[in-house]
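# Commentary on secondary and tertiary structure
Each chain is listed here by its residues.
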Amino acid sequence: MFKDRMGKKLSLGQVIYKGFNRLFNYVLDIELFIVRLAGFIPSHIIRKFIYRCAGVKIGRKSYIHMGAQFFYPAGVRIGRNTIIGQGVFLDGRDKLQIGDHVDIASEVMVYNSEHDINAEDFHATVAPVAIGDYVFIGPRAVILPGVKIGKGAVIAAGAVVTEDVPEYAIVGGVPAKVIGERRLKDLHYRLGRARLFQ
């Protein structure tokens with residue numbers, strides 16, 4: 001008789017499925033270790049090559065600074081002319097879409113999976129995250145699962161975004177609330193170049 005960690009009985013098919021799932025996760029752990037090591041290579045070209053091999057879609061003239069971490073890289077899509085700061089965490093367990101001309105500062109965390117705190121088995125739930133074009137996300141902000149950030153929005157440093165952000169809104173706080181609006185709506189700027197060894 002097979003049982004899961006909660007003591008519930010499992011069929012042979014469920015046991016086989018769990019076994020294959022565990023093997024898949026071991027392979028994923030090795031991939032994440034390699035991708036994490038790649039994050040410390042001081043060359044954008046080499047890092048982008050390794051990230052792309054791991055499944056991250058990275059648009060033209062986009063850069064990811066050193067120290068980036070991923071969970072399930074194949075779920076991450078990054079648009080054109082986007083710069084992602086040092087030490088970010090990008091979660092690809094569900095779809096994570098980052099638009100064009102997005103500026104994500106250092107140590108930002110974007111999650112699309114979290115535990116259901118009301119579930120008996122504390123299982124994980126997933127929901128996609130979409131970040132629109134021309135968004136700026138300040139340092140150490142946290143974006144939680146299921147959030148859609150509209151075009152041109154600004155997320156203040158340290159904000160915890162738990163719900164959708166309208167286009168051109170400025171949000172801040174924990175949880176993040178609208179604190180202003182971006183005056184310029186005709187956005188067409190291009191971000192500068194990334195630092196060579198960051």
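The preceding data block contains the structure.
Since this is a predicted model, take the numbers as computed values, not measurements.

### Some details on the overall build of the chain
- The helix and strand inventory of the chain stands at 2 helices and 21 strands.
- By residue count, 41% of the 198 residues in the chain fall in the buried class.
- In the chain, the proportion of contacts linking residues at least 24 apart, taken out of those at least 6 apart, comes to 27%.
- Of the roughly 11400 Å² that the chain leaves accessible, carbon and sulfur atoms contribute 59%.
- Considering the chain, the positive charge centre built from 27 side chains and the negative charge centre built from 18 side chains are found 7 Å apart.

### Description of the side chain of Ser-113
- Along the chain, the position of Ser-113 falls in strand E12 (residues 113-115).
- Here Thr-125 takes part through its backbone oxygen, which lies 3.1 Å from a polar atom of the side chain of Ser-113.
- Among residues more than four places away in sequence, those in contact with Ser-113 are Asp-91, Arg-93, Ala-124, Thr-125, Val-126 and Pro-145.

### Things to note about the pattern of salt bridges
- Considering all chains together, one arrives at 4 salt bridges under this definition.
- In this structure, Glu-107 and Arg-140 form a salt bridge, with 2.5 Å as the shortest nitrogen-oxygen distance. A residue pair is termed long-range when its members are at least 10 positions apart, and Glu-107 in the loop between strand E10 (103-104) and strand E11 (109-110) and Arg-140 in the loop between strand E15 (136-137) and strand E16 (142-143) qualify at 33 residues.
- Between Glu-181 and Lys-185 there is a salt bridge, with the nearest N and O atoms lying 2.8 Å from each other.
- Residue Glu-181 is classed as exposed on the basis of its relative accessible area, which comes to 52%.
- The exposure class assigned to Lys-185 is partly exposed, which follows from its relative accessible area of 34%.

### Things to note about the environment of Gly-138
- With respect to the helices and strands, Gly-138 occurs in the loop between E15 and E16.
- Judged by its relative accessible area of 1%, Gly-138 is buried.
- A sequence separation of 14 residues divides Gly-138 from Gly-152, and the C-alpha atoms of the two residues are 13 Å apart.
- Apart from the residues within four sequence positions on either side, Gly-138 is in contact with Ala-105, Val-108, Ile-155, Ala-156 and Ala-157.

### Side note on helix H2 (residues 44-53)
- Along H2, the positions that sit buried rather than exposed are His-44, Arg-47, Lys-48 and Tyr-51. Summarising the axial view, the buried residues of H2 lie within an arc of 100°, below the 170-degree limit, and thus occupy one face. Turned more than 90 degrees off the buried face of H2, the exposed positions are Ile-45, Phe-49 and Cys-53.
- Gly-55 sits one or two positions beyond H2 and adopts a positive phi of about 110°.

### Section: the sheet that holds E11
- Pairing is parallel in the open sheet, where 5 strands are placed in the order E5-E8-E11-E16-E19. The open sheet has two edge strands with one neighbour each: strand E5 (69-71) and strand E19 (160-161).
- Bridge count for E5 against strand E8 (residues 89-91) is 3 bridges, and the pairing is parallel. When the sheet's bridge partners are listed, Gln-69 is paired in E8 with Phe-89.

### Topic: the pairing of strand E21 (residues 177-181)
- Little of E21 sits inside the fold, with 0 of its 5 residues counted as buried.
- Pairing geometry for strand E20 (residues 169-172) and E21, over 4 bridges, is antiparallel. Bridge assignment links Gly-172 to a residue of E21, and that residue is Lys-177.
- Following E20, the chain reverses through 4 residues before pairing antiparallel with E21; Gly-173 in that reversal takes a positive phi of roughly 100°.

### A few points about unusual backbone geometry
- Here the amide bond leading from Val-174 into Pro-175 is cis, since omega sits at -10°, within 30 degrees of zero.
- Following the sequence through the fold, Pro-175 ends up in the loop between E20 and E21.
- Even without glycine at this site, Lys-61 takes up a positive phi of about 60°.
- Structurally, the position occupied by Lys-61 is in the loop between strand E3 (57-58) and strand E4 (63-64).

Cut-off values and rules
- Residues numbered from 1 in each chain as written.
- Predicted model: local features only at pLDDT ≥ 70, side-chain atom pairs only at ≥ 80, totals over all residues.
- Heavy atoms only, no water.
- Helix = DSSP H or I, 4+ residues; strand = E, 2+ residues; numbered from the N terminus.
- Buried < 20%, exposed > 50% of the residue type's maximum accessible area, 1.4 Å probe, protein only.
- Contact = heavy atoms within 4.5 Å.
- Areas by Shrake-Rupley, 256 points an atom, 1.4 Å probe, with all protein chains shown as cover.
- Lys, Arg positive; Asp, Glu negative; His and termini not counted.
- Charge placed at Lys NZ, Arg CZ, Asp CG, Glu CD.
- Polar contact = N/O pair within 3.5 Å; in protein donor to acceptor, adjacent residues only side chain to side chain.
- Salt bridge = Lys/Arg side-chain N within 4 Å of Asp/Glu carboxyl O.
- Arc of directions from axis to C-beta.
- Pairing = 2+ DSSP bridges.

Just distances and angles here, no functional claims.
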